[in-house]
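Structural overview
Residues per chain are reported as follows:
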Amino acid sequence: MSEVKLTASTRTEFGKGAARRIRRANQVPGVLYGHGSDPIHLTLPGHELLLALRTPNVLISLDIDGKSTELAIPKDVQRDPVKGFLEHVDLQLVQRGEKVNVEIPVHTEGELAPGGNLLEHVLNALPVEAEATHIPESVTVSVEGLEAGASILAKDIELPKGTTLTVEGDTVVLQVLAAQAEEPSGEAAEGEEAAEA
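Throughout this description, residue numbers start from 1 for each chain and increase along the sequence as written. Given that the model is predicted, a residue must reach a pLDDT of at least 70 before its local features are reported, and side-chain atom pairs must reach 80 or more before they are shown or counted; all residues, however, enter totals for whole chains, interfaces and linings. Heavy atoms from the whole structure form the basis of all side-chain values; hydrogens and water molecules are not counted.

**A closer look at the pattern of salt bridges**
The term salt bridge refers to a side-chain nitrogen of Lys or Arg lying within 4 Å of a carboxyl oxygen of Asp or Glu. This model, assessed by the stated rule, comprises one salt bridge. Note that Lys155 and Asp170 form a salt bridge whose closest N and O atoms lie 2.9 Å from each other. Placement of Lys155 in the loop between strand E11 (151-153) and strand E12 (164-165) and of Asp170 in the loop between E12 and strand E13 (172-177) is noted, with a sequence separation of 15 residues between them. Side by side, Lys155 and Asp170 carry an identical accessibility label, which is exposed. To qualify as a helix, a DSSP run of H or I must reach at least 4 residues; to qualify as a strand, a run of E must reach at least 2; elements of each kind are numbered from the N terminus. Exposure classes here rest on a 1.4 Å probe applied to the protein chains alone. A residue is buried below 20% of its type maximum, exposed above 50%, and partly exposed in between.

**Quick look at the pairing of strand E9 (residues 125-131)**
Here, a strand pair is defined by DSSP locating no fewer than two bridges between the strands. Bridge analysis of strand E7 (residues 99-109) against E9 gives seven bridges, and the strand direction is antiparallel. Following the sheet pairing, Lys99 is matched in E9 by Glu131. One ladder, built from two bridges, connects E9 with E12; its direction is antiparallel. Counted as the bridge partner of Val128 is Leu165 from E12.

**A few points about the pairing of strand E2 (residues 27-34)**
Here E2 lies mainly inside the structure; six of its eight residues are buried. In this sheet, strand E3 (residues 37-45) lies alongside E2 in antiparallel orientation, the contact comprising seven bridges. Pairing of Val31 across the sheet is with His41, part of E3. Here E2 hands over to E3 after two residues, with His35 in that stretch at a positive phi of 55 degrees. Looking at chain direction, E2 and strand E6 (residues 86-94) are connected through four bridges and run parallel. Within the sheet, the bridge partner assigned to Leu32 lies in E6 and is Leu91.

**Focus on helix H1 (residues 16-24)**
All buried positions along H1 are accounted for by Ala18, Ala19 and Ile22. Down the axis of H1, the buried set is contained in an arc of 100 degrees. They therefore lie on one face. Relative to its buried face, H1 has exposed residues pointing more than 90 degrees away, namely Lys16 and Arg24. On its buried face, H1 is in contact with E2 and E3. A positive phi of about 60 degrees marks Asn26, the residue just after H1. Here, the arc refers to the directions that run from the helix axis to the C-beta atoms. In this analysis, two residues are considered to be in contact whenever any of their non-hydrogen atoms come within 4.5 Å of each other.

**Observations concerning the sheet that holds E6**
Pairing in this closed barrel of six strands is mixed, and the strands run E1-E3-E2-E6-E5-E4 around the ring. When the angles between neighbouring strand axes are averaged without regard to direction, this sheet yields 45 degrees. Axes here mean lines fitted to C-alpha atoms, for a helix over just the part in contact, with angles spanning 0 to 180 degrees between N-to-C directions. This element, H1, spans E2, E3 and E6 of the sheet and lies at about 115 degrees to E2.

In structure tokens, the structure reads:
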């Protein structure tokens, strides 16, 4: 897993007006919390943060005011619903070797069995526990040849070494649904006649 270095500064102004001023300067307000310490209110560089957040569960090395360096992972990211820019970010303080609970994206590969079946992602992300500095970016599951009615459970997914599930093993992650076929008009007409009789 890659580590992204960002320079952050502590902030003392709060409220909507202060947040707007920060965002106008192409920066993002954020909070760093964890390990029982008081939350630290930060201002982060907007563009660099946006690039870093493209990687799920990215490990961020924060240089805070040039005085201290902290490791963190994103816990909550708020975006503008229309324009998509970052409005606020919550970061969780982590330490090397520490285990953290995160959700990793589930990707699929392969083709379903012929017949117009549909693949339903019951879980788009798999809840796991992993070492903070070795969080997998994603897991890939083969759906090659699966037929309607087949499902893949959490325990069926091969996880990277040092990563464990934080959901029940019998939790359905993916399932294959039969395509909904339209009733032929002839059968529908017979059914209506039977109902009238």
